[in-house]
Amino acid sequence: MRRIAIIGAGYVGLVTGACFADFGNEVTCVDSDEDRIAALKRLEMPFYEPGLLDVVARNCSEKRLIFKTSLKEAVDENDILFITVGTPANRSGEADLSGVKGVAREIAAHMKSYKLIVQKSTVPVGTGALVRQIVNRNRKRKVAFDVASNPEFLREGSAVENFMRPDRVVIGTWTAKAESILSEVYAPLYLIETPMVKTSVETAELIKYASNAFLATKVSFINEMARLCEALGADVQVVAKGMGLDRRIGPKFLHAGPGIGGSCLPKDTTALVRFAADAGCELKIPKAVLRINRAQREFVCEKIVEAVGGLRGKQIGVLGLSFKPETDDVRESPGVLISKMLLGRGARIKAFDPAAMETARAVLPSAEYCSSAYQVCEGSDALVIFTEWNEFRRLDLARIKKLLTKPVMIDCRNIYVPAELKTMGFKYHCIGRGSRHS
Ligand code: UGA
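Residues numbered from 1 in each chain as written. Predicted model: local features only at pLDDT ≥ 70, side-chain atom pairs only at ≥ 80, totals over all residues. Heavy atoms only, no water.

### What about the overall build of the protein chain?
And step 1. Regarding its fold elements, the protein chain presents 17 helices and 14 strands.
And step 2. At 24 Å, the protein chain has a C-alpha radius of gyration in line with the 22 Å of a compact globule built from 438 residues.
And step 3. Taking the principal axes of its C-alpha atoms as reference, the protein chain extends roughly 75 × 45 × 40 Å.
And step 4. Within the protein chain, the proportion of its 438 residues that are buried is 53%.
And step 5. In the protein chain, the proportion of contacts linking residues at least 24 apart, taken out of those at least 6 apart, comes to 73%.
And step 6. Approximately 19500 Å² of the protein chain is accessible, and the part contributed by carbon and sulfur atoms is 53%.
And step 7. One way to put it: in the protein chain the 62 positive side-chain charges average out to a point 3 Å from where the 51 negative ones average out. (Helix = DSSP H or I, 4+ residues; strand = E, 2+ residues; numbered from the N terminus. Rg over C-alpha atoms; globule rule 2.2 N^0.38 Å. Buried < 20%, exposed > 50% of the residue type's maximum accessible area, 1.4 Å probe, protein only. Contact = heavy atoms within 4.5 Å. Areas by Shrake-Rupley, 256 points an atom, 1.4 Å probe, with all protein chains shown as cover. Lys, Arg positive; Asp, Glu negative; His and termini not counted. Charge placed at Lys NZ, Arg CZ, Asp CG, Glu CD.)

### Some words on the nonpolar core
And step 1. Ile 304, Ile 316, Leu 319, Leu 342, Leu 395, Met 409 and Tyr 416 are the most contacted members of the largest nonpolar core, which totals 61 residues.
And step 2. Among the elements that make up this core, the one with the highest residue count is helix 12 (residues 284-308) (7 residues).
And step 3. Excluding residues within four positions of it along the chain, Leu 395 makes contact with Leu 319, Ala 373, Tyr 374, Ile 385, Ile 400 and Tyr 416.
And step 4. Among the nonpolar cores identified, the runner-up in size contains 40 residues, and Leu 14, Ile 80, Val 169 and Ile 171 belong to it. (Core = buried A, V, L, I, M, F, W, Y, C linked by side-chain atoms within 4.5 Å.)

### Looking at the packing of helix 9 (residues 201-232) against helix 12
And step 1. Running from N to C, helix 9 and helix 12 point in directions that differ by 45°, and their axes come no closer than 9 Å. Considered as vectors, helix 9 and helix 12 are oriented oblique to each other. As helix 9 runs across helix 12, the sense of the crossing is left-handed. Contacts between helix 9 and helix 12 pair Ala 216, Thr 217, Ser 220, Asn 223, Glu 224, Arg 227 and Glu 230 from the former with Ile 285, Val 289, Ile 292, Ala 295, Gln 296, Phe 299 and Lys 303 from the latter.
And step 2. Tallied by class, residues from the contact of helix 9 with helix 12 come to 6 nonpolar, 4 polar and 4 charged. (Axes fitted to C-alpha atoms, helices over the stretch in contact; angles between N-to-C directions. Parallel < 35°, antiparallel > 145°, perpendicular 65-115°, else oblique. Left-handed = near helix turned anticlockwise from the far one by under 90°. Nonpolar A, V, L, I, M, F, W, Y, C, P; charged D, E, K, R; others polar.)

### Describing the domain arrangement of the protein chain
It is common to give the size of an interface as the accessible area lost on bringing the parts into contact.
And step 1. Partitioning the protein chain into structural domains gives domain 1 (3-198) and domain 2 (211-437).
And step 2. Taking the mean C-alpha position of each, domain 1 and domain 2 sit 34 Å from one another.
And step 3. Contacts between the two partners involve 17 residues from domain 1 and, on the opposite side, 18 residues from domain 2.
And step 4. Counting the surface lost from both domain 1 and domain 2, the interface buries some 1400 Å², and carbon and sulfur atoms represent 50% of this.
And step 5. Summed over the shared surface of domain 1 and domain 2, the number is 0 salt bridges.
And step 6. At the boundary of domain 1 and domain 2, one finds 5 residue pairs in polar contact (both at pLDDT 80 or more). (Domains from an automatic or database assignment. Buried area = accessible area lost by both parts, 1.4 Å probe. Salt bridge = Lys/Arg side-chain N within 4 Å of Asp/Glu carboxyl O. Polar contact = N/O pair within 3.5 Å; in protein donor to acceptor, adjacent residues only side chain to side chain.)

### Looking at the pairing of strand 9 (residues 315-319)
And step 1. Along strand 9, 5 of the 5 residues are buried, which leaves the element largely enclosed by surrounding structure.
And step 2. Burial along strand 9 is two-sided: Gln 315, Gly 317 and Leu 319 facing one way and Ile 316 and Val 318 facing the other are all buried.
And step 3. Bridge count between strand 9 and strand 10 (residues 348-352): 5 bridges; the pairing is parallel. Residue pairing across strands places Val 318 opposite Ala 351, the latter belonging to strand 10.
And step 4. The handedness of the strand 9 to strand 10 crossover, carried by helix 13 (residues 334-344), is right-handed. (Pairing = 2+ DSSP bridges. Right-handed = clockwise from strand over helix to strand, strands pointing away.)

### Side note on unusual backbone geometry
Trans peptide bonds make up the majority, and among non-glycine residues the majority have a negative phi.
And step 1. The residue Glu 193 is not glycine, and still its phi comes out positive at about 55°.
And step 2. Looking at Glu 193, the relative accessible area reads 68%, which means it is exposed.
And step 3. Its identity as a non-glycine residue notwithstanding, Glu 326 has a phi of 65°, on the positive side.
And step 4. Relative to the helices and strands, Glu 326 resides in the loop between strand 9 and helix 13.
And step 5. Take Glu 326: its relative accessible area is 31%, and that puts it in the partly exposed class.

### Some points on the sheet that holds strand 9
And step 1. If you trace the 6 strands from one edge of the open sheet to the other, you get 11-10-9-12-13-14, paired in parallel fashion. Edge positions in the sheet fall to strand 11 (368-369) and strand 14 (427-430), since each has one partner strand and no second.
And step 2. Bridging between strand 9 and strand 12 (residues 382-385) involves 4 bridges; their strand directions are parallel. Residue pairing in the sheet places Ile 316 in a bridge with Ala 382 of strand 12.
And step 3. The sheet contacts of helix 12 involve strand 9, strand 12, strand 13 (408-411) and strand 14, and relative to strand 13 the element is tilted by about 170°.

### Thoughts on the pairing of strand 5 (residues 115-119)
And step 1. Counting buried positions along strand 5 yields 5 of 5 residues, so the element is predominantly enclosed.
And step 2. Of the two faces of strand 5, both are covered, the one formed by Lys 115, Ile 117 and Gln 119 as well as the one formed by Leu 116 and Val 118.
And step 3. Where strand 4 (residues 80-83) and strand 5 come together, 4 bridges link them in parallel fashion. By the bridge assignment for strand 5, Phe 82 is matched with Val 118.
And step 4. Chirality of the crossover, the property in question, places the unit of strand 4, helix 5 (residues 98-110) and strand 5 among those that are right-handed.
And step 5. Across 5 bridges, the pairing between strand 5 and strand 6 (residues 145-149) is parallel. Bridge assignment links Ile 117 to a residue of strand 6, and that residue is Val 147.

### Considering the site of the ligand
And step 1. In the vicinity of the ligand lie 20 residues, with Glu 152, Arg 155, Glu 156, Lys 208 and Asn 212 positioned nearest.
And step 2. Measuring from an oxygen atom of the ligand, one finds a side-chain N or O atom of Lys 208 at 2.6 Å.
And step 3. A distance of 3.3 Å separates an oxygen atom of the ligand from a polar backbone atom of Leu 254.
And step 4. Burial of the ligand by the protein amounts to 94% of the accessible area it has alone, namely 720 Å².
And step 5. Considering each element in turn, the shell around the ligand owes the most residues, 4 residues, to helix 9. (Near = heavy atom within 4 Å.)

Encoded structure:
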């Protein structure tokens, strides 16, 4: 058992804190947002993540997980401090490190004994060194400390499972002591033989960005192939299957769609390009990935325009606004961004999402929000599926056909079988499966 403080009760912090508590540690989650901490004490989660509430509730009732607003108390009571505060992108695409720097200064001001300060939320290479410098300069007493990097690889929608059964754990340290403490924190994962990558802080920081940029590259590559498939009359799903069976390539992240979204892949790819440029290194592939991703949204928008024959005065039914299923996160969501493009070109939008109605309303206020997929179809000139939620995979298509003014469907996630929809009388459009006009 270890005593661990998690500083920043956001997405990464809450999942990390709850799961470390589940390993048997005593965990304090700290956040300066009093409302958030009060809600967490009432077991109200600030976002939707499957399975998280159970882990939080179980560990709160076992008294292994507590919530606080006082960083000073957390520093007094714990020797292992994980920094999980947000690092939003600023206007130029750089990560805003003011939260991380502020926490580093506060830790330095309060520490009276050895502390291991672990940076977990994603930060540009060099931030570990910066934290070390800030703590060094601001500490009141000459107490020893270490700084480490332990990047998170959680996917929204399956974060608890990702934490408990990770593909790997990356531990970046500069001293044997820090490496040994962090290895021990992750010891429960040795039982399931999780590979541990032990390296320097800088290398650990870069592993995270390189991984996310590579995932973005894979998706963008298959999206480009999808466009080529349409031009050549080929099927991108079969191309992806054929490629993915090569074990060096692998089948995952080869689903063509409306482009990457979410709070991580777009932001991290942008930040990587920036800090690489600052280091004098032009990264041509990640740069192209960002361009391709923007182009994919435009490509999908044009596909919709063509399918409905112009947008002015048309009503488009939209299913799925979260950037992927099993989350209410709409940050950089292609569904939201393309809906905005459609609205800007004169269409009206009726929309439904199983979890993201509230989050979407805040960023897309001019859409009309419905309580079901079928209500969305009423009077709409076309139905667009942006997110592959399970409940959109087996829709009552005969009912939908009756509700739409014209039987037009644009399936941006390739959920349905083109021949079946055609037989039912739909004008069915999808991504990269045969000719654009079929
Ligand atoms: C991503 C990474 O997958 C995690 O490993 C990482 O820890 C996390 O970012 C992070 O940095 O915290 P996440 O943002 O939750 O996780 O979402 P992904 O599942 O990676 O999906 C990203 C986007 O790519 C979504 O819009 C999704 O629809 C799209 N995608 C993904 C495709 O269009 N096709 C695919 O085959 C896979």
